[in-house]
Amino acid sequence: MSDDGTNQGWGNGRPNGQQPPQPQWSGQQGWAQQAPGGQQAPGGTQAPGWPQQQQAPAWQQGPGWQQQPGWQPPRPIPLDEAGVPPLWAPWYGAGIGDAIGRFFRKYGRFDGRASRSEFWWWFLTNAIIAAILGAAVAVIVTTTGTREMSTDVYGRTTSQLDTDSIWWLIPIWLWAAWFLGTAVGNIALMVRRLHDVNLSGFFAFFFVNTLGWIVLWVMAMLAPNPNGQRFDRPQG
């Protein structure tokens, strides 16, 4: 849950903090011991037998996403003394308590981004609450209900559990209140998660059907995209 596929501030702009290779030079006449990729000797002198055409190392050529139109270097995310980013920024590596607190503090906020840990810890919290309330309904109906047997005209016997108690309605009402009370926050969190992968928040309207939910869950699993910083509102 805490692995968002990135570090706060996005390192030095290269994937996984990749550092350029350092050439190994000998102390004899300034010639290089090796010439990887056609590197040049110190002082601009061309070593005998070296290729005339120089080619930049792979790390200088950059990955494909850096060569896309409109790409901008990632903006560092400031952290306070406790290592917590501001509300306008995503929190990569947030714990379950951090994600819950973040959800309510940013309730109804559709700008900015949300990390995978922020999203999926809150998703797990929602699932646990729904499971507890559902289990409460099952326990109440089972302990207060009576099972009636019936036989249809074809001789098939079926059983049905009936109860005269209304206590099972309480967990249902609690779940309905929880669902309605967190609905706006859930949509806002999904929009921020889409922003973190550099997708439009309008994709959140896919929630209107079951297939749309599956598509949204797949999108929510995607790794962060540094271009998503265009959705941030640092002054907000």
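Contact geometry of helix α3 (residues 116–144) with helix α4 (residues 169–196) gives a least axis separation of 11 Å together with a crossing angle of 165°. Considering the angle they form, α3 stands roughly antiparallel to α4. Handedness of the α3/α4 crossing: left-handed. Mapping the contact onto sequence places R116, E118, F119, W122, N126, I129, A130, L133, A136, V137 and I140 in α3 and P171, I172, L174, W175, W178, T182, N186, L189, M190 and R193 in α4. Split into classes, the residues belonging to the contact of α3 with α4 amount to 15 nonpolar, three polar and three charged.

What follows concerns the pattern of salt bridges. Between side chains of opposite charge, pairing is possible as soon as their charged atoms come close. The final tally for this structure, using the stated rule, is five salt bridges. Taking the shortest distance from any N to any O, the salt bridge between D232 and R113 comes out at 2.7 Å. Residue D232 is located in the segment after α5 (210–220), and its partner R113 is located in the loop between α2 (96–105) and α3; the two are separated by 119 residues in the primary sequence. By the burial criterion, D232 is buried, and R113 matches it. Ionic contacts of the salt-bridge type, sharing partners, join the residues R113, R193, D196 and D232 into one network.

This next bit is on the layout of surface pockets. By volume, the largest pocket amounts to about 560 Å³. Forming the walls of the largest pocket are 20 residues, and the residues nearest its centre are F123, N126, F179, N186 and W213. Breaking the lining of the largest pocket down by element, the ones donating at least two residues are α3, α4 and α5. At nine residues, α4 tops the list of elements feeding residues into the lining of the largest pocket. The residue inventory of the lining of the largest pocket, partitioned by class, reads 17 nonpolar, three polar and no charged.

Parameters and conventions
- Each chain has its residues counted from 1, running along the sequence as written.
- The predicted nature of this model means local features are confined to residues of pLDDT at least 70 and side-chain atom pairs, given and counted, to a pLDDT of 80 or more, with totals for whole chains, interfaces and linings taken over all residues.
- Side-chain descriptors were evaluated using all non-hydrogen atoms of the structure, hydrogens and water having been removed beforehand.
- Helix axes are fitted to C-alpha atoms over the stretch in contact, other axes to C-alpha atoms as well, and angles between N-to-C directions run from 0 to 180 degrees.
- The secondary structure listing takes helices from DSSP runs of H or I that are at least 4 residues long and strands from runs of E that are at least 2 residues long, numbered from the N terminus.
- For classification purposes, angles smaller than 35 degrees are called roughly parallel, those larger than 145 roughly antiparallel, those between 65 and 115 roughly perpendicular, and all remaining angles oblique.
- In this scheme the crossing of two helices becomes right-handed for a clockwise turn of the near helix relative to the far one and left-handed for an anticlockwise turn of less than a right angle.
- The criterion used for residue contact is that any of the two residues' heavy atoms lie within 4.5 Å.
- In this classification, the charged set is Asp, Glu, Lys and Arg, the nonpolar set is Ala, Val, Leu, Ile, Met, Phe, Trp, Tyr, Cys and Pro, and all remaining amino acids, among them Gly, are polar.
- Criterion for a salt bridge: a side-chain nitrogen of Lys or Arg within 4 Å of a carboxyl oxygen of Asp or Glu.
- We call a residue buried when its accessible area falls under 20% of the maximum for its residue type, exposed when it is over 50%, and partly exposed in between, using a 1.4 Å probe and counting protein chains only.
- Residues are called lining when one of their atoms sits within 4 Å of a cavity or pocket point, these points coming from a 1 Å grid over the protein atoms alone, where a cavity is a set in which a 1.4 Å probe fits but cannot get out and a pocket is an open set with protein on both sides within 12 Å along at least five of seven lines.
- Grid points are joined across faces, edges and corners, and a volume is the space filled by probe spheres set on the points.

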